[in-house]
Structure formats: structure tokens, C-alpha cells
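# Understanding the architecture of this molecule
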Amino acid sequence: MSRAVIYEKFGGPEVLELREVPEPHAGPGEVRVRVTAAGLNPMDWGIARHPEAAARFGISLPAGFGYDYAGVVDEAGPGAEHAVGERVYGGALGRAVADFVVVGAEDRLFRTPDGLSDEVASTLPVAASSAAAALAAVGLQAGDTVLVGGAAGGVGIFAVQLAKLAGATVLGTASESTFPFLRELGAEPVAYGPGLAGRVPEITAAIDLFGTETAEAALELGVPPERIATIAAGPTPPGGVRATGGVDAEPGALEKVAAEIAAGRLTVPIAAVFPVEKIRDAVALQAERHVHGKVVVTL
């Protein structure tokens, strides 16, 4: 037997249970990963809380939990692309927070570079891909001044730093208590809330990582809609701005982010680390949306 986080009804952190389940094994073309860390994302508890969100992702009850994970390949089936002993990270929808994840060629699985801990690697698939996709969607380049909405969140920490590495000037929306944290990342903070456009100097691009406030402010400031992207406003955001997400990231984008981290040019602030036995506490903290950086669960 092995362990996995399971829920049998939709709801908040209280529905999550750590249970013993049959130990899975790798078949032809598959590998089994012994998971050591799982990074949490808003989509994880959003799916567990809302039946309509689960339906959009094809998830039905009872369901596993989480997407991002990192660990070590400990079993490889015939024809598998990864070997036993390789350190890897990737995404497994509704299956990540478990002792073992079995993945095939259709799943996202990447080799973990030397110099990256499993805890850091487990934060990358959703957040880093989403940030890279958003910056690519607006065609960010050196000399741009970009406004990042939700800059202190799990995606924002990557978006701010990737924009800086690209040579852009970065403004980031946040609460005033978060301003010192954003300055450490390299962004000039701007208070979110009503009247945002009046507090923002001239910008050439914007990405909105939380709702539509930043996108609407950018439109008000005269930024062309093709230079504004959102990741959390649904498929039809306001004013013709671009909707994007991690699935739109360019090939190799995630590996480039991992290489930047390994080289010390990009950091991943981890706000909190919880053992899997404290999964409810971890999700409750992440769902508050006030943490600075990523929340990780270890197994």
C-alpha cells in the first residue's frame, strides 16, 4: 500500500484526506515517480471546491489532489523515456499529492537540473509555465515597461523575475504590506484597488494574474489589447485582451526557467513547507491568497 490525498465530496480543506491506496506500478512506456514534494496552486483547491471547475478538467469523485510534483523515478516500464534513479518534476492532474505517480509519454515530465532541490522543482510546472506564456503573449522585450497584476503570488514571482531578465522595467500590483517583498524581486510596487490606472505611470504592456483589474487599468491607459494578457479571467477577457495559460507556453520554456534558477539568476521564494499529514493546513494557507511565494507539501 501507499498514501495519496483523496476527496470524496467537494468543499474546502476539510474534505481532503490522506489515505492508504493500492501501490501503483509502471506499465509499458510509463515510469513511476516516488514523489518527494508537491507544489500547490490555486487551481488545485479550486477544482476540489467547485464541481463545475472539476468538470472542466474531466475530474469526477472520488478524486486525487494536486498537479505539480517532483521526485525520483523508481520504476520504469519497457520503452520508458526516463530511467530509474533520475530526478524529475512534472504535472499530473488530480494525482500529484501521493507517494507515487505513474506517468506516460503524454504527461509532462522533465529532468531536474543539478542545483535544484525537489521542493523548488515542484513549484515550477504550473506557475513558471503560466508566467512564461503570459510574457510571450504580450511580446515582452527589452525596454518595455510592464504592469504585473498579482505580482507577489505564485505566478507573479516568476513573471516579475522573467520580465526583469528580459530587460523590462516591472511594476507590480500588491497590498502595501507586500511592497518590500516585491522590491526584493525587482519590481516597483503599486497598490491594487480602485483607481489603479491613476497610480500607474506610462506602461507598454501588462499581464493580469488575478481577475481583470490590471487588464482594465492597462486598457484605460491606452495599452493596445494585444499587449495585455490575462491568465485568470476566463476565455473571453475584457476589451479583446489575450487569454493565456501554462498550456500555451512555448516548447522549452519550463526548462529555461529551471536553468535560470540553477544558474542563480532567478529565485523561488517558498512561503511555507508542510508535511503531507498537514495537507489541510497547507491548502488553507494557500487559499488565503496572502502568502508571498509558493506553498509546498513534502512526502
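Procedures and definitions
- Starting afresh in each chain, residues are numbered from 1 along the sequence in its written order.
- The predicted origin of the model limits local features to residues at a pLDDT of at least 70 and limits the giving and counting of side-chain atom pairs to 80 or more, whereas totals for whole chains, interfaces and linings rest on all residues.
- Side-chain numbers here rest on the full set of heavy atoms in the structure, without hydrogens or water.
- Counting from the N terminus, the helices are DSSP H or I runs at least four residues long and the strands are E runs at least two residues long.
- What the globule rule says is 2.2 Å times the number of residues to the power 0.38, and the radius of gyration is computed from C-alpha atoms.
- In this analysis, two residues are considered to be in contact whenever any of their non-hydrogen atoms come within 4.5 Å of each other.
- Residue exposure ignores everything except the shown protein chains as possible cover, and the areas themselves are Shrake-Rupley values with a 1.4 Å probe.
- We treat two strands as partners when DSSP finds at least two bridges between them.
- Angles run from 0 to 180 degrees between N-to-C directions of axes, and those axes are lines fitted to C-alpha atoms, restricted for helices to the stretch in contact.
- A carboxyl oxygen of Asp or Glu within 4 Å of a side-chain nitrogen of Lys or Arg is what we treat as a salt bridge.
- Relative accessibility thresholds used throughout: buried, under 20% of the residue-type maximum; exposed, over 50%; partly exposed, between the two (1.4 Å probe, protein chains only).
- Per-residue confidence from the predictor is given as pLDDT, running between 0 and 100.
- We call two directions roughly parallel when the angle between them is under 35 degrees, roughly antiparallel when it is over 145, roughly perpendicular when it lies between 65 and 115, and oblique otherwise.
- Polarity classes work like this: nonpolar for Ala, Val, Leu, Ile, Met, Phe, Trp, Tyr, Cys and Pro, charged for Asp, Glu, Lys and Arg, and polar for all others, with Gly in that last group.
- Within this scheme, the nonpolar core is defined by two criteria: the residues are buried Ala, Val, Leu, Ile, Met, Phe, Trp, Tyr or Cys, and they are joined through side-chain atoms within 4.5 Å.

### Observations concerning the overall build of the chain
Along the chain, the regular secondary structure elements total nine helices and 16 strands. At 19 Å, the chain has a C-alpha radius of gyration in line with the 19 Å of a compact globule built from 299 residues. If one aligns the C-alpha atoms of the chain with their principal axes, the spans along those axes are about 60 × 40 × 35 Å. Put simply, of all contacts in the chain between residues at least 6 apart along the chain, 64% involve residues at least 24 apart. For the chain, the exposed surface amounts to about 12600 Å²; the carbon and sulfur share of it is 53%.

### Describing the sheet that holds strand S14 (residues 242-243)
Ordered by their spatial adjacency, six strands build an open sheet running S11-S10-S9-S12-S13-S14, and the pairing between neighbours is parallel. Strands with a single pairing partner mark the edges of an open sheet, and in this sheet they are strand S11 (188-191) and S14. As judged from the four bridges shared by strand S10 (residues 169-174) and S11, these two strands associate in the parallel manner. Bridged to Gly172 within S11 is Pro189. Where helix H5 (residues 156-165) meets the sheet, its contacts fall on strand S9 (145-149), S10 and strand S12 (205-208), and the angle it forms with S10 comes to roughly 165°.

### Section: the pairing of strand S5 (residues 68-76)
Here strand S3 (residues 31-39) runs beside S5; their pairing, made up of six bridges, is antiparallel. Counted as the bridge partner of Val31 is Ala76 from S5.

### A few points about the side chain of His82
The residue His82 is located in the loop between S5 and strand S6 (87-91) in this model. Leaving out residues up to four positions away in the same chain, His82 has contacts with Val31, Val73, Ala76, Val88, Leu109 and Arg111.

### Some points on the sheet that holds strand S2 (residues 17-21)
Taken in spatial order, the three strands line up as S2-S1-S4 in an open sheet, and their pairing is antiparallel. One side of each edge strand has no neighbouring strand; the edge strands of this open sheet are S2 and strand S4 (63-64).

### Here we look at the pattern of salt bridges
Enumeration according to the criterion identifies 13 salt bridges in this entry. Salt-bridge contacts for Glu17 lead to Arg19; the nearest nitrogen and oxygen are separated by 2.9 Å. You can call Arg19 partly exposed: its relative accessible area is 28%. Of the charged contacts in the structure, one is a salt bridge between Arg32 and Glu75, with a shortest N-O distance of 3.8 Å. With Arg32 in strand S3 and Glu75 in strand S5, this pair connects stretches of sequence that are 43 residues apart. Each member of the salt-bridge network shares a partner with another, and the members are Arg3, Arg34, Asp99 and Glu277.

### With respect to unusual backbone geometry
Between Leu61 and the following residue, Pro62, the backbone shows a cis peptide bond with an omega angle of -10°. The residue Pro62 is located in the loop between helix H2 (51-56) and S4 in this model.

### Quick notes on the confidence of the model for the chain
Mean pLDDT for the chain: 94, with 100% of residues reaching 70 or above. Mean pLDDT per element in the chain: S14 is the minimum at 85, and S3 is the maximum at 98.

### Things to note about the packing of helix H4 (residues 124-137) against helix H8 (residues 253-262)
Axis separation between H4 and H8 bottoms out at 9 Å; the angle between their running directions is 105°. When the axes of H4 and H8 are compared, the pair comes out roughly perpendicular. Residues Leu124, Pro125, Ala128, Ser129 and Ala132 of H4 form the contact with H8, whose own contacting residues are Ala253, Leu254, Val257, Ala258 and Ile261. Within the contact of H4 with H8, the residues separate by chemical class into nine nonpolar, one polar and no charged.

### Notes on the nonpolar core
Among the nonpolar cores identified, the biggest contains 46 residues, and Leu124, Phe158, Ile207 and Ile261 are the most heavily contacted of them. For this core, the secondary structure elements donating two or more residues are helix H3 (118-121), H4, S9, H5, S10, helix H6 (179-185), S12 and H8. The greatest single-element share of this core, amounting to eight residues, is contributed by H4. In this structure, Phe158 is in contact with Thr123, Leu124, Ala127, Ala128, Ala131, Val257, Ile261, Leu266 and Val268, ignoring residues within four places of it in sequence. Counting 23 residues, the second-largest nonpolar core is a separate cluster that includes Val5, Ile47, Val97 and Val283.

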